[in-house]
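What follows is each chain in one-letter form.
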Amino acid sequence: MSGAGRLRAVVGVSGSPGSLAALHRAVREARRTGAEVLAVLAWEPPGGELAHGRSPLALPLADLHRDAGERLLAAVDVAFGETGPGVPFQGLVVRGTAGRALVETADRSDDLLVIGAGPRGALRGLFPSVTRYCVAHAGCPVLTVPPSPLEGELAALHRRIALRRAVDARELTDGGR
């Protein structure tokens, strides 16, 4: 452990299923190593910094920061409920892009940066990858948590519903497989 203090498992949290899986994995790693969990939610003004600065109707930054903090608390509540994570835990709301915020927060060589690997579908190449950014720029180990197979199944089900295709409830149970 470095002289900077306790070991840390820094985890990106957005509220997505992948980030909740990463949050659970960060807590498991913290239990195993005696680390503290630092849950980070990155935020940017709607439309980006430039658009926010030019808009006469832009929401106050303090309100946006508060909303981000509420999203972080809601995600932690969804993940752990009233019992909490059961390890030393801090939440941090950072203004900026997710990749940069996570890499800058996990700034110790003995930190562990834990992130959800994100979607694996056809659209993955259309969006910047937080995972790729973190792996390329982090100065500490990065643990990527793959998406649950259930996420893919749920996404397929949502697509079928959106296309108004019939869904047989038996397909949703083990007996339908």
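The structure this text deals with has already been given above.
Everything in this summary refers to the structure shown in the same document.

Rules used throughout
Residues numbered from 1 in each chain as written. Predicted model: local features only at pLDDT ≥ 70, side-chain atom pairs only at ≥ 80, totals over all residues. Heavy atoms only, no water. Axes fitted to C-alpha atoms, helices over the stretch in contact; angles between N-to-C directions. Helix = DSSP H or I, 4+ residues; strand = E, 2+ residues; numbered from the N terminus. Parallel < 35°, antiparallel > 145°, perpendicular 65-115°, else oblique. Left-handed = near helix turned anticlockwise from the far one by under 90°. Contact = heavy atoms within 4.5 Å. Nonpolar A, V, L, I, M, F, W, Y, C, P; charged D, E, K, R; others polar. Core = buried A, V, L, I, M, F, W, Y, C linked by side-chain atoms within 4.5 Å. Buried < 20%, exposed > 50% of the residue type's maximum accessible area, 1.4 Å probe, protein only. Salt bridge = Lys/Arg side-chain N within 4 Å of Asp/Glu carboxyl O.

Considerations on the packing of helix α1 (residues 17-33) against helix α3 (residues 61-80)
- The interhelical angle for the contact between α1 and α3, taken along N-to-C directions, is 70°, at an axis separation of 10 Å. The angle between the axes of α1 and α3 places the two elements in the roughly perpendicular class. The handedness of the crossing between α1 and α3 is right-handed. Mapping the contact onto sequence places L20, L23, H24 and V27 in α1 and A75, V76, V78, A79 and F80 in α3.
- Broken down by class, the residue content of the contact of α1 with α3 amounts to eight nonpolar, one polar and no charged.

Focus: the nonpolar core
- In terms of nonpolar packing, the biggest core is built from 26 residues, with V11, V13, L23, V37, L72 and V114 touching the most fellow members.
- Of all the secondary structure elements, the ones that give two or more residues to this core are β1 (8-12), α1, β2 (36-43), α3 and β4 (112-116).
- It is α3 that provides the largest number of residues to this core, a total of seven residues.
- Ignoring anything within four residues of it in the chain, the contact list for L23 reads V11, V13, V37, A39, V76, A79, F80 and F89.
- Grouped together as the second largest cluster of nonpolar side chains are 13 residues, V94, A101, L102 and A106 included.

Here's the deal with the packing of helix α4 (residues 98-105) against helix α5 (residues 130-137)
- Running from N to C, α4 and α5 point in directions that differ by 35°, and their axes come no closer than 8 Å. Once α4 is placed against α5, the crossing between them reads as right-handed. Listed contacts from α5 to A98, G99, R100, L102 and V103 of α4 are V130, Y133, C134 and H137.
- Its residues placed into classes, the contact of α4 with α5 shows six nonpolar, two polar and one charged.

Focus: the pattern of salt bridges
- Counted according to the given criterion, the structure contains eight salt bridges.
- A salt bridge links R66 to D67, with the nearest nitrogen and oxygen atoms 3.7 Å apart.
- The exposure class assigned to D67 is partly exposed, which follows from its relative accessible area of 29%.
- Across the pair R66 and E70 runs a salt bridge whose closest N-O atoms are separated by 3.7 Å. Within this pair, R66 and its partner E70 are both found in helix α3, separated by four residues, close to a single helical turn.
- The exposure class of R66 is partly exposed, given its relative accessible area of 44%.
- Within this structure, D63, R66, D67 and E70 form a network of salt bridges that share partners.

No statement about biological role is implied by the geometric values presented.
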